[in-house]
Amino acid sequence: MAFRDNTKVIHIGDRVIGGGNPILIQSMTNTRTEDVKATVEQIHRLEAAGCDIIRCTCPTEEAAKAIGEIKKQISIPLVADIHFDYKMAIAAMENGADKIRINPGNIGSKDRIAAVVSCAKERNIPIRVGVNSGSLEKDLVEKYHGVTAEGLVESALDKIGIIEDLGYDNMVVSIKSSNVMLCVKAHELLAKQCAYPLHVGITEAGTVYGGNIKSSVGLGIILNEGIGDTIRVSLSGDPVEEIKTAKMILRTLDIRKGGIEVIACPTCGRTRIDLIGLANQVETLVQNYDLDIKVAVMGCAVNGPGEAKEADIGIAGGDGEGLLIKHGEIIRKIPEDQLLAVLKEELDNYR
Ligand code: SF4
């Protein structure tokens, strides 16, 4: 059973997933992997944002070589993403990839898959078997009268079987779809039938707006059911946004602690300060702190102090000014234009 507490423990570089280990956050670079400088720069930004594992596409020999160079300059495990060409999988592993992601369905003959597995076995490199609703085999589409959760699971179990038959079980599995509820159902079915850690994501989820909503709903349900060992939020946008969303999903579900949670009111006719602007600035500001606290940004002094009571630090807006509140206690009045600076000072000195 692939419920997170019972999955097989898998090592990816110096990270460990499965068997109840913490859920790790992944992302994927959108630079050309061959461009080592740009790729390393992006990975450093992702690392700083909280990315635990990074995946880079590896479509060419040059990209496979670049993986070796990139690895020297980053400190999180690197997964090579392979499609079609089994030689690229082998080249990526020879150049130090910590894991490879393949879809055995598009790698080709069993001999080619065997060559990839043999190379992984020699180096004890985990293989992520990825199945995607967009490339589900024709016979399964026909058998199930369309792309269905059952078809996706059968495809994944087939691929797992191929690799197990080659004597290898150092595996992670993913089944992805852009259809959120189909993806949920597929995970529920798969989790009952396989013991490998599951990498969970809603694929091609869309732009930062739509993708965040689809990912939050899909990952929220799946993770809350105890399924999923690593996650990725896929967005058509800066991958750093993927990390921010993933962290917030884990925090909202009470799965991961750490990071500042910002509570802000929706504003109403009582609001007399630029609360929306302030809340957005505060949300950006708190990304720089490694504190496990709540910060409330409330619009008025009527409900503000009460609603900010639950927070560790709060601001309640007045007319051109605001109250600084700590653990529900009003500390002092601050002019509106100094609210952000005072909050920053409080966070800098927070103990
Ligand atoms: S905290 Fe005040 S300003 Fe904000 S929504 Fe509530 S009543 Fe309105």
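As a reminder, the structure under discussion sits directly above these lines.
### Some remarks on the pairing of strand 13 (residues 313–317)
Link 1 in the chain: The buried fraction of strand 13 amounts to 5 of the 5 residues, a majority that puts the element mostly inside the structure.
Link 2 in the chain: Burial along strand 13 is two-sided: Ile 313, Ile 315 and Gly 317 and Gly 314 and Ala 316, pointing in opposite directions, are all buried.
Link 3 in the chain: Looking at chain direction, strand 12 (residues 294–298) and strand 13 are connected through 4 bridges and run parallel. Looking at strand 13, one finds that Val 297 is bridged to Ile 315.
Link 4 in the chain: Where strand 13 folds back on strand 14 (residues 321–326), the antiparallel hairpin that results is connected by 3 residues, among which Gly 320 adopts a positive phi of roughly 75°.

### Describing the sheet that holds strand 9 (residues 199–202)
Link 1 in the chain: The 8 strands lie next to each other as 8-7-6-5-4-3-10-9, forming an open sheet whose pairing is parallel. Two strands bound the open sheet, and with one partner strand each, they are strand 8 (171–176) and strand 9. Neighbour to neighbour, the strand axes of the sheet diverge by 25° on average, direction disregarded.
Link 2 in the chain: Of the pairings in the sheet, the one linking strand 3 (residues 24–28) to strand 4 (residues 53–57) comprises 3 bridges and is parallel in character. Along strand 4, the bridge assignment pairs Met 28 with Arg 55.

### What to know about unusual backbone geometry
Link 1 in the chain: Residue Asn 124 is not a glycine yet carries a positive backbone phi of 55°.
Link 2 in the chain: Secondary-structure assignment places Asn 124 in the loop between helix 5 (110–123) and strand 7 (127–132).
Link 3 in the chain: Residue class for Asn 124 comes out exposed when judged on its relative accessible area of 54%.
Link 4 in the chain: Located in the positive-phi region is His 327, a residue other than glycine, with phi close to 45°.

### A word on the nonpolar core
Link 1 in the chain: By size, the foremost hydrophobic cluster in this structure holds 77 residues, and its most contacted members are Ile 82, Ile 127 and Ile 231.
Link 2 in the chain: Take this core: its biggest share by element is 7 residues, from helix 8 (residues 180–191).
Link 3 in the chain: The contacts of Ile 231, once residues within four sequence positions are left out, are Ile 23, Leu 24, Ile 25, Gln 26, His 199, Val 200, Leu 219, Leu 223, Ala 246 and Leu 250.

### Considerations on helix 7 (residues 149–165)
Link 1 in the chain: Relative to the 24 Å expected for 17 residues at 1.5 Å per residue, helix 7 spans 24 Å between its end C-alpha atoms, a close match to the ideal helical length.
Link 2 in the chain: Along helix 7, the residues that are buried comprise Ala 149, Gly 151, Leu 152, Val 153, Ser 155, Ala 156, Lys 159, Ile 160, Gly 161 and Ile 163.
Link 3 in the chain: Two residues or fewer after helix 7 comes Gly 167, characterised by a positive phi angle close to 80°.

What counts, and where the lines are drawn
Residues numbered from 1 in each chain as written. Predicted model: local features only at pLDDT ≥ 70, side-chain atom pairs only at ≥ 80, totals over all residues. Heavy atoms only, no water. Buried < 20%, exposed > 50% of the residue type's maximum accessible area, 1.4 Å probe, protein only. Helix = DSSP H or I, 4+ residues; strand = E, 2+ residues; numbered from the N terminus. Pairing = 2+ DSSP bridges. Axes fitted to C-alpha atoms, helices over the stretch in contact; angles between N-to-C directions. Core = buried A, V, L, I, M, F, W, Y, C linked by side-chain atoms within 4.5 Å. Contact = heavy atoms within 4.5 Å. Expected span 1.5 Å × (residues − 1).

Read these as geometric descriptors, not functional statements.
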